[in-house]
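What the coordinates show
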Amino acid sequence: MNFWGLLFLIITQFIAGRGILALLKIKLNPVQTFAVSMLSGVLTFSLIPMIIQLFYVPITKTNVFISLCVTSAVLGLVPIKNYDFKALKPGNIKFSMPYLYELLFMGLLVALIIPSAWRCFYFPVNARDVLSGPEALAEYAIKEHSISNSVFSVNLLESVPNLLKPPFVTDLQIIYKLFVHPFGSTWLIIVVISFLTFLYSILRERVHPVLTGFLMLFFMSIPEVYGYTYIVLWDYSNMIFFFLGIYFIYRYYDTKQFNIFLFCCLMFGFSTFIRLETIVFIGLIVPLMAFIMWKEKKTIPQIILNAALITGIPFMFYVVWVEIFVKYYLPLDLHVGTQIDFTPLTSYSEWIGRINAELVFGGLNIGLYGIFIYTFLAVLLIDAIFFRTFNKQAKFMLYCIGIIYFGLPILAYITPWFNITTAKRGLFKMFPSMILYMANSAMVMRLSQAIKKFEFPEVTQKNKVPKPATVHTVSTTGKKKKKKK
Amino acid sequence: MNFRQIIILLITCFVLVIFFNIPVEKAWLENRILVFNKNLIEEKEHMDLEDRRVMRWASSYTAMVTISEYIKKNQSEDVKVLVPPKEYYTKRMPGLILPEPVIAYYFTGLRTTTKDCEDVYEAKGCIIYRGDKFEYQPLANKEEVIKVLEAYEKN
């Protein structure tokens, strides 16, 4: 493995991603800034080989290197006035040592990610969908300096869908094969670690570190999702960026900052670039977005503009790949219109039935998702029956979970390649929202407060507002009056 | 650290033990995490890239490499090879998996065709079972391709 190549990519990805955050003036805490910068940087880099090819520039190591450096430099330097360099001064850097129970969980979570990191590095790509598509394209793109290469002249049989997927995996494999390691792959663990760091940080803002640790453990121990932390495919990354879009659109409603909305559109755009059908789920967010804006008495043109941006920006990613690159740069004749089928073999209700029977409540559900979904449902039921209160973010997450659950069967009408395996992976998009719901659930928040109260009773006492003291005064009439201080 | 935090730590450890004794979580821990320690020792002894390819891709890869090396030694490299259908080769060698054409091309640069492909009659060689092993057999013309396809069909 070329360690210096890996370091080069980590640094340039961070600079590019940090630049995007600065351009849009996204303010996060240092941990979240680092994590989201890395994620944004990786996705930005995943566009570069495709963009190089759009300009008919050969994909060589030199050209890719120059492109990566220029991209990082431009994105990093353009918003230079927006960086808060004062935060880097030693006096301003605040670090508090985590408590022992937090260190326990941090150690445990690191121990759980080490096998994934090793497997990402040690083994070549293995998933059939990637071997018969992006991996073959990346390997020959390096030899023949073009994504449109001799792989398309081989008997394709059932490989066509994999060859026509957006080049998220292809491009990252090209970059990492050129600079790090013949197997590529190491970008996946960078994405995974950055996301888990971000998730930990946002959960930590809401609940006690012990509960944060347990929630993280629940998430990481979902068997199928854990497998995708070292199996190079699209779905884990797609889950991450869809969740980032959801998280930042919620932050937009909280803060009303339009720059955050634009960042959310970018995250949805990246998510669509990874899996094109994500645009269907983004479309299903529009009604909620419109409803919230209407309640806040926004004008119709503002609502339409936001709806246009949140669907239009992801749609641009779709257009560039399908209507430009596939049409004019790849030697295959594919028209998206022929894929839409309003009378699929299996109807919407039948698909919901199959998803419930085979994935959520039966079939392979325990082997795939462990006790995660059942735990979520138990927390939801307890909240609904005993506490009967859902905060704003909890309600928002429930809506987003519903979008995935009820939206998945719609894909059967859009693409002929929708099957139970697609649904199995599509459900991943619910899981981060489920975790964030649990962090906002009345039950978990009460438990968090109880633990804090037990841990620091004197702080809890001090924070209590004291009852006003009663003072007796003598009135001019001679009667005593009670006066509250 | 105060004694209440120690109590929280102890309770956390206890709950973690319970968590990892839930059957499905225990299975996950044993099959995905703890197995890593056992595999790591063997894997560290096989750091060569080719060894790692063989470990990951197994017979699917080794079969294609063997065929490809034979062809490079004895034939023109630009040969389209007819590979047998799954029923044919798994009957004779149960653990064998021959990859689809795109993956075969990715593994070795060898172009393959199957009975379902449009270019099957352009095959200049085939894989056929003779005696007690699979062999590579050159094909001169369309009639020979048809004979091989019939042999595959007879299974």
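Residues numbered from 1 in each chain as written. Chains lettered and ligands numbered in written order. Predicted model: local features only at pLDDT ≥ 70, side-chain atom pairs only at ≥ 80, totals over all residues. Heavy atoms only, no water.

Concerning the overall build of chain B
- From N to C terminus, chain B includes six helices and four strands.
- When the elements of chain B are put in sequence order from the N terminus, they spell out α-α-α-β-α-α-β-β-β-α.
- Relative to a compact globule of 155 residues, whose C-alpha radius of gyration would be 15 Å, chain B shows 25 Å and is clearly more extended.
- When its C-alpha atoms are laid out on the principal axes, chain B stretches across 85 × 35 × 30 Å. (Helix = DSSP H or I, 4+ residues; strand = E, 2+ residues; numbered from the N terminus. Rg over C-alpha atoms; globule rule 2.2 N^0.38 Å.)

Focus on the pattern of salt bridges
- For the structure on display, the rule yields 20 salt bridges over all chains.
- Put simply, Lys177 of chain A and Glu139 of chain A hold a salt bridge, and the shortest N to O gap is 2.8 Å. Taken as a pair, Lys177 of chain A in helix 8 (residues 168-179) and Glu139 of chain A in helix 6 (residues 128-144) lie far apart in primary sequence, 38 residues in all.
- For Lys177 of chain A, a relative accessible area of 10% translates into the label buried.
- Linked by salt bridges that have partners in common, Arg128, Asp129, Asp235, Arg275, Glu277 and Arg425 of chain A together with Glu100 of chain B make up one network. (Salt bridge = Lys/Arg side-chain N within 4 Å of Asp/Glu carboxyl O. Buried < 20%, exposed > 50% of the residue type's maximum accessible area, 1.4 Å probe, protein only.)

A closer look at the confidence of the model for chain B
- Per-residue pLDDT for chain B averages 89, and the proportion of residues at 70 or more is 98%.
- Our summary of model confidence lists the complex with pTM equal to 0.90 and ipTM equal to 0.90. (pLDDT = per-residue confidence, 0-100.)

Remarks on unusual backbone geometry
- Of note in this structure, Arg388 of chain A is not a glycine but carries a positive phi near 50 degrees.
- The residue Arg388 of chain A is located in the loop between helix 18 (372-387) and helix 19 (392-407) in this model.
- Looking at Arg388 of chain A, the relative accessible area reads 65%, which means it is exposed.
- Phi at Ala58 of chain B takes a positive value of approximately 50 degrees, unusual for a residue other than glycine.

Regarding the interface of chain B and chain A
- Facing the 46 residues of chain B at the interface are 55 residues of chain A.
- When chain B packs against chain A, the two sides together hide about 4,600 Å² of surface, and 71% of this comes from carbon and sulfur.
- Counting the surface chain B buries against chain A, the share from its top three residues, Arg32, Arg56 and Tyr106 of chain B, is 15%.
- On inspection of chain B and its partner chain A, the count reaches one salt bridge.
- Arg128 of chain A is paired through a salt bridge with Glu100 of chain B; the nearest N and O atoms lie 2.8 Å apart.
- Counting across the interface, chain B meets chain A through 19 residue pairs in polar contact (both at pLDDT 80 or more).
- Put simply, the parts of the chain that give the side of chain B that touches chain A at least two residues each are helix 1 (3-19), helix 2 (23-44), helix 3 (49-74), helix 5 (101-108) and strand 2 (111-113) of chain B.
- When grouped by side-chain class, the residues that make up the side of chain B that touches chain A number 27 nonpolar, eight polar and eleven charged. (Contact = heavy atoms within 4.5 Å. Buried area = accessible area lost by both parts, 1.4 Å probe. Polar contact = N/O pair within 3.5 Å; in protein donor to acceptor, adjacent residues only side chain to side chain. Nonpolar A, V, L, I, M, F, W, Y, C, P; charged D, E, K, R; others polar.)

A closer look at the confidence of the model for chain A
- Across chain A, the average pLDDT comes to 89, with 90% of residues at or above 70.
- The model gives residues 465-485 of chain A a pLDDT under 50, and that stretch makes 18 contacts with residues more than four places away or in other chains.

Remarks on the side chain of Gln5 of chain B
- Within the element layout of this structure, Gln5 of chain B appears in helix 1.
- Its relative accessible area of 1% is what places Gln5 of chain B among the buried residues.
- Within the local environment of Gln5 of chain B, its side chain forms a polar contact with the side chain of Glu455 of chain A, the two groups lying 2.8 Å apart.
- In contact with Gln5 of chain B, not counting residues within four places along its chain, are Tyr99, Tyr101, Glu455 and Phe456 of chain A.

Examining the sheet that holds strand 1 (residues 80-82) of chain B
Residues and elements named next belong to chain B.
- Strand order across the open sheet formed by four strands is 2-1-3-4, with mixed pairing between neighbours. Looking along the sheet, the strands with just one partner apiece sit at the ends: strand 2 and strand 4 (133-138). For this sheet the average axis-to-axis angle between neighbouring strands, irrespective of direction, equals 35 degrees.
- Sheet analysis places strand 3 (residues 125-130) next to strand 4, joined by six bridges and oriented antiparallel. Among the inter-strand pairings, Ile127 is bridged to a residue of strand 4, identified as Tyr136.
- Lying on the sheet, helix 6 (residues 142-154) is in contact with strand 1, strand 3 and strand 4; it crosses strand 3 at an angle near 40 degrees. (Pairing = 2+ DSSP bridges. Axes fitted to C-alpha atoms, helices over the stretch in contact; angles between N-to-C directions.)

Quick word on a nonpolar patch on the surface
- A cluster of nonpolar side chains, contributed by Phe454 of chain A together with Phe3, Ile6, Ile7, Leu10, Ile11, Phe14, Val15 and Ile18 of chain B, occupies part of the molecular surface with about 840 Å² of accessible area.
- Sort the elements by how many residues they give to the nonpolar patch and helix 1 of chain B lands first, with eight residues.
- Secondary-structure assignment places Phe454 of chain A in helix 22 (residues 442-455). (Patch = residues over 30% accessible without salt bridge, like charges linked within 9 Å, V, L, I, M, F, W, Y side chains within 5 Å. Areas by Shrake-Rupley, 256 points an atom, 1.4 Å probe, with all protein chains shown as cover.)

Some remarks on the nonpolar core
- Core analysis: the largest hydrophobic core is formed by 215 residues, its most contacted members being Phe219, Ile310 and Phe431 of chain A.
- When residues of this core are assigned to their parent elements, the largest contribution, 14 residues, is made by helix 12 (residues 235-255) of chain A.
- Residues in contact with Phe219 of chain A, not counting those within four places in the same chain, are Phe195, Leu196, Leu199, Val225, Tyr236, Met239, Phe372, Phe431, Pro432 and Ile435 of chain A.
- Core analysis: the next-biggest nonpolar cluster, separate from the first, contains five residues, Phe121, Tyr122 and Phe123 of chain A together with Phe36 of chain B among them. (Core = buried A, V, L, I, M, F, W, Y, C linked by side-chain atoms within 4.5 Å.)

Some thoughts on the packing of aromatic side chains
- If you walk through the whole model with that rule in mind, you get 57 aromatic pairs over all chains.
- Measuring from centroid to centroid gives 6.4 Å for Phe198 of chain A and Phe248 of chain A, while their planes differ by 20 degrees, and the two rings are stacked. Residue Phe198 of chain A is found in helix 9 (residues 186-204), and its partner Phe248 of chain A is found in helix 12; the two are separated by 50 residues along the sequence.
- Using a relative accessible area of 0% as the deciding quantity, one classes Phe198 of chain A as buried.
- On the numbers, 6.2 Å between centres and 35 degrees between planes, the contact of Phe428 of chain A with Phe431 of chain A is tilted. Across this residue pair, the class does not change: Phe428 of chain A and Phe431 of chain A are buried.
- Connected via pairs of aromatic rings, a cluster forms that spans Phe195, Phe198, Phe219, Tyr236, Phe243, Tyr247, Phe248 and Phe263 of chain A.
- Here the basic side chain of Arg119 of chain A rests over the ring of Tyr230 of chain A, its NZ or CZ set 4.8 Å away from the ring centre.
- Cation over ring: Arg92 of chain B sits above Tyr88 of chain B, and NZ or CZ is 4.0 Å from the ring centre. (Phe/Tyr/Trp six-rings, centres within 6.5 Å; stacked < 30°, edge-to-face > 60°. Lys NZ or Arg CZ within 6 Å of the ring centre and 35° of its normal.)

Some remarks on the packing of helix 6 of chain A against helix 5 of chain B
- In contact at an axis separation of 9 Å, helix 6 of chain A and helix 5 of chain B are set at 40 degrees when each is read in the N-to-C sense. Classified by the interaxial angle, the pair formed by helix 6 of chain A and helix 5 of chain B is oblique. The chirality of how helix 6 of chain A crosses helix 5 of chain B is left-handed. Only Val102, Ile103, Tyr105, Tyr106 and Phe107 of chain B of helix 5 of chain B make contact with helix 6 of chain A, whose side of the interface consists of Arg128, Leu131, Ser132, Glu135, Ala136, Glu139, Tyr140 and Glu144 of chain A.
- For the contact of helix 6 of chain A with helix 5 of chain B, the residue count by class is eight nonpolar, one polar and four charged. (Parallel < 35°, antiparallel > 145°, perpendicular 65-115°, else oblique. Left-handed = near helix turned anticlockwise from the far one by under 90°.)

Observations concerning the packing of helix 21 (residues 431-440) of chain A against helix 22 of chain A
All names here are of chain A.
- Where helix 21 meets helix 22, the closest approach of the two axes is 5 Å, and the angle between their N-to-C directions is 50 degrees. On the basis of the axis angle, helix 21 is oblique to helix 22. Counting all contacts with helix 21, which are made through Met438, Ala439 and Asn440, the residues of helix 22 involved are Ala442, Val444 and Met445.
- Counted by class, the contact of helix 21 with helix 22 contains five nonpolar, one polar and no charged residues.

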